[in-house]
Amino acid sequence: QGSDSLLIYTGIATVDSSTHKELALRARQWFSDNFKNPKDVLQINDIDNGELSGNGSFRYSATLKAYGITQATAGFITVKISVWTKDNKYKFEIGPFSVETIQSSYGGSNNNSFYITKSDTHPSIALVKMNNKTKDGLNEWWTEMKKQCDAEAKSLMQSLQKAMQKTYKGDL
């Protein structure tokens, strides 16, 4: 995968003595516990086939220093989360991360939407001619966005891992 490929975290974990249905129910409970509106988040909820998938979101804020100005950016990052279960194991995928910029410190709305990639450089650097100070500012902002995605992904992975170890308390 190249550096322009989307930022996606994946993993496979083993959970002894658990059916695929039990693990799918645990995953559904995890979605319910971790998102305000799990019914809106969960787009695939197939317990019998062991597949759950949905989109969650989290707020971000980062300072952007580019084009001779400094502005605070804020918005939401939407992340796709998928879990597939088999007897005694599950696979997860967290990503891609889609950023939507919704506000700036200058009061103007600058709606941009893009995906976070594995690249170390902001994607617009290759498209637009700019000075080194602007490139550095964009790259600092890009790095901060990736750090926030990484922190969110690690938090989701850790909570999912814990949830998948707990016995499901509802009806099978």
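Our structure's up above, just so we're on the same page.
This write-up is about the structure you can find in this document. (Residues numbered from 1 in each chain as written. Predicted model: local features only at pLDDT ≥ 70, side-chain atom pairs only at ≥ 80, totals over all residues. Heavy atoms only, no water.)

## Here we look at the overall build of the chain
Summing up its helical and strand segments, the chain has three helices and six strands in all. The order of α-helices and β-strands along the chain, N terminus first, is β-α-α-β-β-β-β-β-α. A buried classification covers 42% of the 172 residues belonging to the chain. Contacts in the chain between residues at least 24 apart in sequence constitute 63% of all its contacts with a sequence separation of at least 6. When the accessible surface of the chain is totalled, it reaches about 10,000 Å², and 46% of it is carbon and sulfur. (Helix = DSSP H or I, 4+ residues; strand = E, 2+ residues; numbered from the N terminus. Buried < 20%, exposed > 50% of the residue type's maximum accessible area, 1.4 Å probe, protein only. Contact = heavy atoms within 4.5 Å. Areas by Shrake-Rupley, 256 points an atom, 1.4 Å probe, with all protein chains shown as cover.)

## Things to note about the layout of surface pockets
Roughly 200 Å³ of internal volume is contained in the second largest pocket. As for the second largest pocket, its lining consists of 12 residues, of which Arg26, Gln29, Asp33, Ala163 and Lys166 are closest to the centre. Among the secondary structure elements, those contributing two or more residues to the lining of the second largest pocket are α1 (20–34) and α3 (132–165). Of the residues forming the lining of the second largest pocket, the biggest block, five residues, is contributed by α1. The class makeup of the residues in the lining of the second largest pocket is three nonpolar, four polar and five charged. (1 Å grid on protein atoms, 1.4 Å probe; cavity = no way out; pocket = protein on both sides within 12 Å on 5 of 7 lines; lining within 4 Å. Points joined across faces, edges and corners; volume = space filled by probe spheres on them. Nonpolar A, V, L, I, M, F, W, Y, C, P; charged D, E, K, R; others polar.)

## Focus on the pairing of strand β2 (residues 42–46)
Bridging between β2 and strand β3 (residues 51–66) involves four bridges; their strand directions are antiparallel. Within β3, the position partnered with Asn45 by the bridge is Leu52. (Pairing = 2+ DSSP bridges.)

## Considerations on the side chain of Glu22
Along the chain, the position of Glu22 falls in helix α1. The exposure class assigned to Glu22 is buried, which follows from its relative accessible area of 10%. Within the local environment of Glu22, its side chain forms a polar contact with the side chain of Arg26, the two groups lying 2.8 Å apart. (Polar contact = N/O pair within 3.5 Å; in protein donor to acceptor, adjacent residues only side chain to side chain.)

## Observations concerning α1
Over its 15 residues, α1 extends 21 Å from the first C-alpha to the last, a length consistent with the 21 Å expected when each residue adds 1.5 Å. Within α1 the residues assigned to the buried category are Glu22, Leu23, Ala24, Leu25, Arg26, Ala27, Trp30 and Phe31. (Expected span 1.5 Å × (residues − 1).)

## Regarding the packing of α1 against α3
With their axes 9 Å apart at the nearest point, α1 and α3 run at an angle of 135° to one another. Classed by the angle they form, the pair α1 and α3 counts as oblique. Remark: the crossing between α1 and α3 carries right-handed chirality. Of the residues in α3, those touching α1 at Leu23, Arg26, Ala27, Trp30 and Asn34 are Leu156, Ser159, Leu160, Ala163, Met164 and Gln165. Across the contact of α1 with α3, the residue classes tally to seven nonpolar, three polar and one charged. (Axes fitted to C-alpha atoms, helices over the stretch in contact; angles between N-to-C directions. Parallel < 35°, antiparallel > 145°, perpendicular 65-115°, else oblique. Left-handed = near helix turned anticlockwise from the far one by under 90°.)

## Examining the nonpolar core
Ranked by size, the top nonpolar core spans 41 residues in total, and within it Phe31, Ile94, Phe97 and Ile116 carry the most contacts. At the level of elements, β1 (9–14), α1, β3, β4 (69–86), β5 (89–104) and α3 are the ones that each hand at least two residues to this core. When residues in this core are grouped by element, the largest group, 10 residues, is from α3. If we ignore the near neighbours within four places in the chain, the residues touching Ile94 are Leu7, Ile8, Tyr9, Val79, Lys80, Ile81, Ala153, Leu156 and Met157. (Core = buried A, V, L, I, M, F, W, Y, C linked by side-chain atoms within 4.5 Å.)

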